[in-house]
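# Residue-level structural notes
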Amino acid sequence: DAKTTQPNSMESNEEEPVHLPCNHSTISGTDYIHWYRQLPSQGPEYVIHGLTSNVNNRMASLAIAEDRKSSTLILHRATLRDAAVYYCILRDVGTGGFKTIFGAGTRLFVKA
Amino acid sequence: DTAVSQTPKYLVTQMGNDKSIKCEQNLGHDTMYWYKQDSKKFLKIMFSYNNKELIINETVPNRFSPKSPDKAHLNLHINSLELGDSAVYFCASSPASGGSTDTQYFGPGTRLTVL
């Protein structure tokens, strides 16, 4: 499975946008980029995923670089409830995709 | 309604004991998983079942035995518990066969403490 690299932690002010980066330089053409987040004392929850094009949903936006070697999760207006660990993950259709390999993630701190 | 539920939420037990954690999903999903999150917070997959069939076994000690009586349930039985088994165990499910676009839904976790 291809590896992802994320900063250990980031800090944001409430109601400001947050850009969470992820590097995946060994990504293959069939790897989908998924983001999950884990709020304190909870299980991870799905945020968004994409392959090549930028994606938007009610939670966030995903911007994928043209060469697909990096991506950015964008929270448009951070709230205190967005404080969590954010995981960037690659899922490969070739392997059947049963395995989701979680890295260390980025811990996001949101200041009021 | 809770989509993926686990019982118990907390489990404290002595070394050498045998214990079980139950997981149920009411989402109609075909695939279920068990993950272990250790004290360093790394989340590692242990098992995956698709339609009650074992798909992934990530070199987990054979003291851990998952059982899937039906598609909605995946239980985890642990024999001869060791101190290193202390962790939070998460159950998850996904709609299809775990393909590249499959989304996983996680339960709230079971915190296991082995004394």
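Refer to the preceding data block for the structure.
Residues numbered from 1 in each chain as written. Chains lettered and ligands numbered in written order. Predicted model: local features only at pLDDT ≥ 70, side-chain atom pairs only at ≥ 80, totals over all residues. Heavy atoms only, no water.

Let us now look at the pattern of salt bridges. For the coordinates displayed, the defined rule picks out 7 salt bridges over all chains. Of the charged contacts in the structure, one is a salt bridge between A:Arg77 and A:Glu15, with a shortest N-O distance of 3.2 Å. Of the two residues, A:Arg77 sits in the loop between strand 7 (70-75) and strand 8 (84-92) while A:Glu15 sits in the loop between strand 1 (9-13) and strand 2 (18-23), which places them 62 residues apart along the sequence. A relative accessible area of 52% means that A:Arg77 is categorised as exposed. Looking at A:Glu15, the relative accessible area reads 51%, which means it is exposed. A salt bridge links B:Asp30 to B:Lys71; its shortest N-O distance comes to 2.7 Å. Highlighted residues: B:Asp30 in the loop between strand 3 (19-25) and strand 4 (31-37) and B:Lys71 in the loop between strand 7 (64-70) and strand 8 (73-78), separated in sequence by 41 residues. By relative accessible area, B:Lys71 is classed as partly exposed at 34%. A cluster of three or more residues bridged by salt bridges with shared partners is formed by A:Arg37, A:Glu45 and A:Asp82. (Salt bridge = Lys/Arg side-chain N within 4 Å of Asp/Glu carboxyl O. Helix = DSSP H or I, 4+ residues; strand = E, 2+ residues; numbered from the N terminus. Buried < 20%, exposed > 50% of the residue type's maximum accessible area, 1.4 Å probe, protein only.)

Further remarks concern the sheet that holds strand 8 of chain B. Residues and elements named next belong to chain B. Reading across from one edge, 1-3-8-7 is the order of the 4 strands in this open sheet, with antiparallel pairing throughout. The sheet terminates laterally at strand 1 (4-7) and strand 7, the two strands that pair on one side only. With strand direction ignored, the average angle separating the axes of adjacent strands in the sheet is 20 degrees. Bridging between strand 1 and strand 3 involves 4 bridges; their strand directions are antiparallel. Residue valine 4 lies in a different strand from strand 3, and its bridge partner there is glutamine 25. (Pairing = 2+ DSSP bridges. Axes fitted to C-alpha atoms, helices over the stretch in contact; angles between N-to-C directions.)

Both the distance between ring centres and the angle between the ring planes are used here to describe each pair of aromatic rings. All told, the structure shown has 9 aromatic pairs over all chains when counted by the stated rule. Ring centres of A:Tyr36 and A:Phe102 lie 5.8 Å apart, and the angle between their planes is 65 degrees; this geometry places the pair in the edge-to-face category. Note that A:Tyr36 is positioned in strand 3 (residues 31-38) and A:Phe102 in the loop between strand 8 and strand 9 (106-111), a separation of 66 residues in sequence. Look at A:Tyr36 and you get buried, because its relative accessible area is 1%. Arranged with centres 5.2 Å apart and planes meeting at 45 degrees, the rings of B:Tyr35 and B:Phe106 form a pair that is tilted. Here B:Phe106 lies in strand 10 (residues 105-106) and B:Tyr35 lies in strand 4, a separation of 71 residues in the sequence. Taking the relative accessible area as the measure of exposure, B:Tyr35 reaches 0% and is therefore buried. (Phe/Tyr/Trp six-rings, centres within 6.5 Å; stacked < 30°, edge-to-face > 60°.)

Further remarks concern the nonpolar core. Formed by 21 residues in total, the largest nonpolar core has its most connected members in A:Leu20, A:Ile33, A:Trp35, A:Leu73, A:Leu75, A:Tyr86 and A:Leu108. If you list the elements that add at least two residues to this core, you get strand 2, strand 3, strand 4 (45-50), strand 6 (61-64), strand 7, strand 8 and strand 9 of chain A. Of the residues forming this core, the biggest block, 4 residues, is contributed by strand 8 of chain A. Beyond its immediate chain neighbours, meaning those up to four positions away, A:Leu75 contacts A:Glu16, A:Pro17, A:Val18, A:Met59, A:Ala60, A:Asp82, A:Tyr86 and A:Leu108. In terms of nonpolar packing, the next biggest core, distinct from the first, is built from 20 residues, B:Ile21, B:Phe64, B:Ala87 and B:Leu112 among them. (Core = buried A, V, L, I, M, F, W, Y, C linked by side-chain atoms within 4.5 Å. Contact = heavy atoms within 4.5 Å.)

With that settled, the discussion passes to unusual backbone geometry. A negative phi angle characterises most non-glycine residues, just as the trans form characterises most peptide bonds. Residue and element names in this part refer to chain B. Threonine 7 connects to proline 8 through a cis peptide bond whose omega is -5 degrees. Along the polypeptide, proline 8 turns up in the loop between strand 1 and strand 2 (10-13). Backbone geometry places serine 80, a non-glycine residue, at a positive phi of 45 degrees. Positionally, serine 80 belongs in the loop between strand 8 and strand 9 (87-94). By relative accessible area, which is 40% here, serine 80 ends up partly exposed.

Turning to the state of the cysteines, a few remarks are in order. Simply put, the disulfide is a covalent bond whose two ends are the sulfur atoms of two cysteines. The full count for this structure, using the stated rule, is 2 disulfides over all chains. Bridging A:Cys22 to A:Cys88, the disulfide has an S-S length of 2.1 Å. On the sign convention where negative is left-handed, the bridge of A:Cys22 and A:Cys88, at about -80 degrees about the S-S bond, is left-handed. Of this pair, A:Cys22 sits in strand 2 while A:Cys88 is found in strand 8, placing the two residues 66 residues apart along the sequence. The pair formed by A:Cys22 and A:Cys88 is uniform in burial state, with each residue classed as buried. Disulfide pairing is shown between B:Cys23 and B:Cys91; the S-S distance is 1.8 Å. On the sign convention where negative is left-handed, the bridge of B:Cys23 and B:Cys91, at about -75 degrees about the S-S bond, is left-handed. Here B:Cys23, found in strand 3, pairs with B:Cys91, found in strand 9; they are 68 residues apart in sequence, far enough to count as distant. This pair shows no difference in class: B:Cys23 is buried, exactly as B:Cys91 is. (Disulfide = S-S within 2.5 Å.)

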